[in-house]
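Working through the structure, step by step
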Amino acid sequence: MQNAIAKFTAGVVVLGALSVSPASANGWEVWTEKQSADKVTVVASFGGDGSIEEAQLDLKVSGPFEVLEVSTLRKGSICFGNAEKNVLRAVPPSGAGSALKAAMTDTCMFTLRVLSPKGWSAEGIVDVGFKECASSVKGVVGCEAKFQVVE
Amino acid sequence: MVSTSRVINIGLASLAGLAAIAWQPAQAQCNTTAWTTVTGAPVSGGPAQGVRIYQGACGLNPVNGAGASLVEEATRHSAEGGGGAPFIARFFFYAGITGANPVVFRAFSADVAGTQVIQVTHNPNTQNVSFLVNGTTQSTAANSATNGKWIEVTFTYNASGTFTANTRSVSPTAVITDIAGSITAINTGALTVERVQLGNVASGGGTGSTSIDEYEASRQVGGTPATALTPMCRGDVNNTTTISVGDRAAVTAALGNPPSFPAAFRPDCNEDGSISVGDRACVTAMLAQNPPRTCI
């Protein structure tokens, strides 16, 4: 992760003990950070394995929420949130026959308002709704999604 | 009582085993052996042969002009009911002819000869589809079947009842938008459908060419209703019932060298008759739709 939360929310929060290991590729990393009593920021990052040309992550949110802001962190990505359908979608631009780069790259950032704020935490606020990676050679292939909390 | 309905899916290729080797270079041998009669020497094949495909590796380019192509379904109805048993069918044709109105589908009441029961015609001037049944012609709305696109036609024919039909094609200006066409019910006679023809099956003429693909039909047998035809979801290139990035990869595979056209794949997302980067952009546009676009 290139620390998009720190980069894009500078001045809003002071990041705590952020422990980020060197970027590891092959799959999604999802970072969540509690911003206030009812606000959370979610960043989806992707790194390829040298063959994956396409990647998609649809996150689902635990409990009712409102989408406050969606930022596209990588040009050409698809990023949107829909509370009614309970989906936060992150799709890097198509590799169009070439592998997506292996370095973990921030794709989308979502800022949400939690509508049932009592007792919620950044951990477990989002989960995988749908996940897919593919290449034109192998078709649909597996890829992981790891969840991390910025404390 | 043995009573069942049956789906007839007459592809335009001998593709046995192709689906099982998905993502391998398609080496399909396209032919018309699944059809009982072919006239006019139509060309079966894929993009490499200059033939447009809607699904899989093979489509059919019928002869345009005086020599019409004829494809019959003569051997597949012996156990099927008549006398009011509904006959449902779907096929795709490419609206590529101008300067004439190609008849793209006919149905007859007998295996050989017989009386014409249904006729489907595309009008490139008004860009719609006309249905002639039992002496009555009805047309879909103008601009509901635009030139340069695949047109999906579905209908239900109920002898001594009614005939209803719908069309669908992609907007020429908005790739994520489908245009629907329909007619009101036409009263039918007692004749049943015993044979069908697809292609450019009348006098031909005009310029350009049409293509046909994915004819599928079902009808009532005994007391069991016809089986509903499985919807084909545009944008679901790899036929997983989900529109996702796997579909973009499938388009890329179809653009590869050699191209990959597994039997169940539909890479022509924008349905313009060619497989191109526009189809990958089409899937991308669908992925970006909010709320998410779904197949069902």
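1. Comments concerning the overall build of chain A
Within chain A one finds one helix and ten strands. The buried share of chain A, reckoned over its 151 residues, is 47%. Contacts in chain A between residues far apart in sequence, at least 24 positions, make up 71% of those at least 6 positions apart. Total accessible area computed for chain A in this model is approximately 6,700 Å², and 48% of it derives from carbon and sulfur atoms.

2. Regarding the confidence of the model for chain A
Looking at chain A, pLDDT values average 87 and 83% of them are 70 or higher. In the predicted structure, residues 3–23 of chain A sits below a pLDDT of 50 and forms 37 contacts with residues beyond four places in sequence or in another chain.

3. Notes on the nonpolar core
By size, the foremost hydrophobic cluster in this structure holds 32 residues, and its most contacted members are Phe91(B), Phe105(B), Ile118(B), Phe155(B), Tyr157(B), Phe163(B) and Tyr215(B). Secondary structure elements with two or more residues in this core: strand E6 (86–94), strand E8 (103–108), strand E9 (116–123), strand E10 (128–133), strand E12 (150–158), strand E13 (162–170), strand E16 (195–198) and strand E18 (212–219) of chain B. Excluding its chain neighbours within four sequence positions, the residues that come into contact with Phe155(B) are Phe87(B), Ile88(B), Ala89(B), Phe91(B), Phe105(B), Ile118(B), Phe163(B), Thr164(B) and Ala165(B). Counting residues in each nonpolar core, the second largest holds 25 residues, with Val30(A), Leu57(A), Val114(A) and Ile125(A) among its members.

4. As for the sheet that holds E9(B)
All names here are of chain B. Spatially, five strands are ordered E11-E10-E9-E8-E16 in an open sheet, and the strand pairing comes out antiparallel. Among the strands making up the open sheet, the edge pair consists of strand E11 (136–139) and E16. Averaged over all neighbouring strand pairs, the angle between strand axes comes to 10°, with direction disregarded. Two elements, E10 and E11, share four bridges in a ladder whose sense is antiparallel. Following the sheet pairing, Val133 is matched in E11 by Thr136.

5. Considerations on the pairing of E6(B)
Residues and elements named next belong to chain B. Where burial is concerned, most of E6 is hidden: nine out of the nine residues are buried. Residues Pro86, Ile88, Arg90, Phe92 and Tyr94 point to one face of E6 and Phe87, Ala89, Phe91 and Phe93 to the other, with burial holding for every one of them. Sheet analysis places E6 next to E12, joined by nine bridges and oriented antiparallel. Its bridge partner lying in E12, Tyr94 is registered against Trp150. Looking at chain direction, E6 and E18 are connected through six bridges and run antiparallel. By the bridge assignment for E18, Phe92 is matched with Asp213.

6. Focus on the domain arrangement of chain B
All names here are of chain B. For chain B, the assigned domains are domain 1 (7–219) and domain 2 (233–296). Each side of the interface is counted separately: domain 1 has 25 residues, and domain 2 has 24 residues. For the domain 1 and domain 2 pair, buried surface summed over both sides reaches about 2,000 Å², with 61% attributable to carbon and sulfur atoms. If you look at where domain 1 meets domain 2, you find three salt bridges. For the interface between domain 1 and domain 2, the tally reads twelve residue pairs in polar contact (both at pLDDT 80 or more).

Conventions we followed
- Residues numbered from 1 in each chain as written.
- Chains lettered and ligands numbered in written order.
- Predicted model: local features only at pLDDT ≥ 70, side-chain atom pairs only at ≥ 80, totals over all residues.
- Heavy atoms only, no water.
- Helix = DSSP H or I, 4+ residues; strand = E, 2+ residues; numbered from the N terminus.
- Buried < 20%, exposed > 50% of the residue type's maximum accessible area, 1.4 Å probe, protein only.
- Contact = heavy atoms within 4.5 Å.
- Areas by Shrake-Rupley, 256 points an atom, 1.4 Å probe, with all protein chains shown as cover.
- pLDDT = per-residue confidence, 0-100.
- Core = buried A, V, L, I, M, F, W, Y, C linked by side-chain atoms within 4.5 Å.
- Pairing = 2+ DSSP bridges.
- Axes fitted to C-alpha atoms, helices over the stretch in contact; angles between N-to-C directions.
- Domains from an automatic or database assignment.
- Buried area = accessible area lost by both parts, 1.4 Å probe.
- Salt bridge = Lys/Arg side-chain N within 4 Å of Asp/Glu carboxyl O.
- Polar contact = N/O pair within 3.5 Å; in protein donor to acceptor, adjacent residues only side chain to side chain.

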